[in-house]
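Here is how the chains run, residue by residue.
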Amino acid sequence: MFIRPAREDDLDAVYGICLATGDSGRDASELYSDPQLIGHIYAAPYLLLEPHLAFVVTDQEGIGGYVVGVEDARSWENRLERNWWPPLRRRYVDPDESCRSDWTPDQCLAHLLHHPKADPAVVCEDYPAHLHLNVLPRLQSQGVGLALLEAWVAAAAVYGVRAAHVGVSPANIRGTRFWTRAGFAELKVPGERGDALWLGRLL
């Protein structure tokens, strides 16, 4: 296994891994009719717009995992609003709010494209950077995730990052366990509806 900086030609593989781990750590291929939609939100913009903080792990079968992130979540949200969401909003229809109970998984993600949810201010204040890390089953439980995280932390330190946060689905027990073992602690977010667990770590 080998960890290296991500390249633009890794994009298809990163899209695939995002989908293959997109159901709270499980394969989401059966959930979404558009296989790239989840990656438009949680993977592709990071690799394309912040490549200095994007890494992949490869083995004999190809790319098996990635880590991506940004130095400051607040600035990143503004950048997405300027440079990433507009063309996607022209491509994907914003679903009708009055029919929310009938939305498909694709429509739920399309809604996020049009109405992205900001990371909680109380989290970003103390842990401004954020990241996403996903590893395919064939490379799990081998220390690969921690090695990817170490690569990201080392790169982020060069840019002055001192604290970072992640958001995890409460259903993703394995993922929560990974971040906890990696030194991330759960953060209390007043008023949060419980659709995400927020964890932070000083780097």
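Throughout what follows, the structure given in this document is the object of discussion. Treat the numbers as computed from the prediction; the structure is a model and nothing was measured.

A few words now on the overall build of the protein chain. In terms of regular secondary structure, the protein chain is built from nine helices and seven strands. Taken over the C-alpha trace, the protein chain has a radius of gyration of 16 Å; the compact-globule value for 203 residues is 17 Å, and the two agree within 12%. For the C-alpha atoms alone, the extent of the protein chain along its principal axes is close to 45 × 40 × 30 Å. Put simply, 71% of the contacts in the protein chain that link residues at least 6 apart link residues at least 24 apart. Entry remark: accessible area of the protein chain is about 10,300 Å², with carbon and sulfur atoms responsible for 53%. Taking the average location of the 19 positive side-chain charges in the protein chain and that of its 27 negative ones, the two points are 4 Å from each other.

What follows covers the sheet that holds strand β7 (residues 197-202). Spatially, seven strands are ordered β1-β2-β3-β4-β5-β7-β6 in an open sheet, and the strand pairing comes out mixed. Sheet topology places β1 (2-5) and β6 (185-186) at the edges, where each strand pairs with a single neighbour. Sitting on the sheet, helix α9 (residues 173-181) touches β4 (129-135), β5 (163-168) and β7, and the angle it makes with β5 is about 165 degrees.

Another point: unusual backbone geometry. What you tend to see is this: most non-glycine residues have negative phi, and most peptide bonds are trans. Of note in the backbone geometry, Ser24 takes a positive phi value of approximately 50 degrees without being a glycine. Secondary-structure assignment places Ser24 in the loop between α1 (11-20) and α2 (37-42). Exposure remark for Ser24: the relative accessible area of 19% places this residue in the buried category. Here the phi dihedral of Ser141 falls at roughly 60 degrees; this positive angle occurs in a residue that is not glycine. With respect to the element layout, Ser141 can be found in the loop between β4 and α8 (144-158).

About the cut-offs
Residues numbered from 1 in each chain as written. Predicted model: local features only at pLDDT ≥ 70, side-chain atom pairs only at ≥ 80, totals over all residues. Heavy atoms only, no water. Helix = DSSP H or I, 4+ residues; strand = E, 2+ residues; numbered from the N terminus. Rg over C-alpha atoms; globule rule 2.2 N^0.38 Å. Contact = heavy atoms within 4.5 Å. Areas by Shrake-Rupley, 256 points an atom, 1.4 Å probe, with all protein chains shown as cover. Lys, Arg positive; Asp, Glu negative; His and termini not counted. Charge placed at Lys NZ, Arg CZ, Asp CG, Glu CD. Pairing = 2+ DSSP bridges. Axes fitted to C-alpha atoms, helices over the stretch in contact; angles between N-to-C directions. Buried < 20%, exposed > 50% of the residue type's maximum accessible area, 1.4 Å probe, protein only.

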